[in-house]
Amino acid sequence: MNNDICSVPLSHTVISADGKLEMADQPCQSMAFLAPARILFLSGYGSRPGGMNSSTLRFHGHNVVEPDLPDSDFARSVTLAQRVFNRHQPDVVVGWSRGGAVAMSINSQSAPLILIAPAWKNWGTMTTVKPEVTILHSPHDDLVSIEDSKELLRNSGLPQERLLAVGEDHRMIDEAAFVMLLEAVEFYGEGVEKRQAA
């Protein structure tokens, strides 16, 4: 993939009449991007692949694998996520809500985790998270309290700076949340590039 690609700001992202994410037509500047990251995206309860968060990552050049996790069986979701992880060996694992609990439950090896409003108190048995983690959570989340993410970091002996308070609500589909998600992926992508160059 050519690293000189057009960047479309998120403010020019629109939702079409059929509910799909599209980029508005506009002139754009050429800017250098990191190589696209391979991302395993684990969505939340009641969500299907192709939601706003994973679509945003795709539209910004990342390679996203998103299994359809069964809502009715958490253990089966973990098994499926582990199988997909093993097959694709992603650079980063992103888990949203219930998918965050799934992400915490798999063996993600050296791949860092980006957890979006992780619902670890509602699903699974994990009460700690590995050191290579960034958590995005809205202070206005009325489904999963941001206090749960603070507690998760305390349980794990990790600094509260790993928690980025951003977003308008639990869905995390506002522009500020999208920008922070993309920046977190880029941050971990820099580490991947350095490891590959070594």
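Up top is the structure these notes are about.
Keep in mind that what you see is a predicted model, and the values were worked out from it rather than measured.

Colleague: How do you make sense of the environment of Val-94 when you look at a structure like this?
Modeller: Inspection of the secondary structure assignment puts Val-94 in strand β7 (residues 92–96). Under the relative-accessibility criterion, Val-94 is labelled buried at 0%. Beyond its immediate stretch of four places on either side in the chain, Val-94 contacts Ile-39, Leu-40, Phe-41, Leu-42, Ile-114, Ile-116 and Leu-181.

Colleague: I keep staring at the sheet that holds strand β6 (residues 63–65) and nothing clicks. Help me out?
Modeller: Neighbouring strands of a sheet are bound in pairs by backbone hydrogen bonds; such pairs are parallel or else antiparallel. Read from one edge of the open sheet, six strands run β6-β5-β7-β8-β9-β10, paired in parallel fashion. Whereas interior strands pair on both sides, the edge strands pair on one side only; in this sheet they are β6 and β10 (163–165). Taken pair by pair, the neighbouring strands of this sheet meet at an average axis angle of 20°, ignoring direction. Bridging between strand β5 (residues 38–42) and β7 involves four bridges; their strand directions are parallel. The residue of β7 that forms the bridge with Ile-39 is Val-92. Helix-sheet contacts for helix α1 (residues 52–59) involve β5, β6 and β8 (113–116), and the interaxial angle to β5 is about 170°.

Colleague: Before we go on, may I ask you to explain the pairing of β8 in this structure?
Modeller: Two faces, one strand: in a regular strand the side chains alternate between the faces of the sheet. Neither face of β8 is exposed, since Leu-113 and Leu-115 on one face and Ile-114 and Ile-116 on the opposite face are all buried. Pairing geometry for β7 and β8, over four bridges, is parallel. Its bridge partner being in β8, Val-94 is matched across the sheet by Ile-114. With helix α3 (residues 98–105) bridging β7 and the parallel β8, this β-α-β connection has right-handed handedness. Note: β8 against strand β9 (residues 133–137), four bridges, orientation parallel. Along β9, the bridge assignment pairs Leu-115 with Ile-135.

Colleague: Sorry if this is basic, but what is going on with α1 here?
Modeller: Along an α-helix, a turn takes 3.6 residues, which lines up residues three or four apart on a common side. With six of eight residues buried, α1 lies mostly within the body of the structure. Looking one or two residues beyond α1, the residue adopting positive phi is Gly-61, at roughly 95°.

Colleague: How should the packing of aromatic side chains be read in this particular structure?
Modeller: The description of an aromatic ring pair rests on the distance of the ring centres and on the angle between the ring planes. All chains considered together, the criterion is met by two aromatic pairs. For the ring pair Tyr-45 and Trp-123, a centre distance of 5.7 Å and an interplane angle of 20° mean the geometry is stacked. Pair noted here: Tyr-45 is in the loop between β5 and α1 and Trp-123 is in the loop between β8 and β9, with a separation of 78 residues, a long-range link. Residue Tyr-45 is classed as exposed on the basis of its relative accessible area of 52%. Taking the ring centre of Trp-123 as reference, the NZ or CZ of Arg-98 above it sits at 5.7 Å.

Rules of the game
- Residues numbered from 1 in each chain as written.
- Predicted model: local features only at pLDDT ≥ 70, side-chain atom pairs only at ≥ 80, totals over all residues.
- Heavy atoms only, no water.
- Helix = DSSP H or I, 4+ residues; strand = E, 2+ residues; numbered from the N terminus.
- Buried < 20%, exposed > 50% of the residue type's maximum accessible area, 1.4 Å probe, protein only.
- Contact = heavy atoms within 4.5 Å.
- Pairing = 2+ DSSP bridges.
- Axes fitted to C-alpha atoms, helices over the stretch in contact; angles between N-to-C directions.
- Right-handed = clockwise from strand over helix to strand, strands pointing away.
- Phe/Tyr/Trp six-rings, centres within 6.5 Å; stacked < 30°, edge-to-face > 60°.
- Lys NZ or Arg CZ within 6 Å of the ring centre and 35° of its normal.

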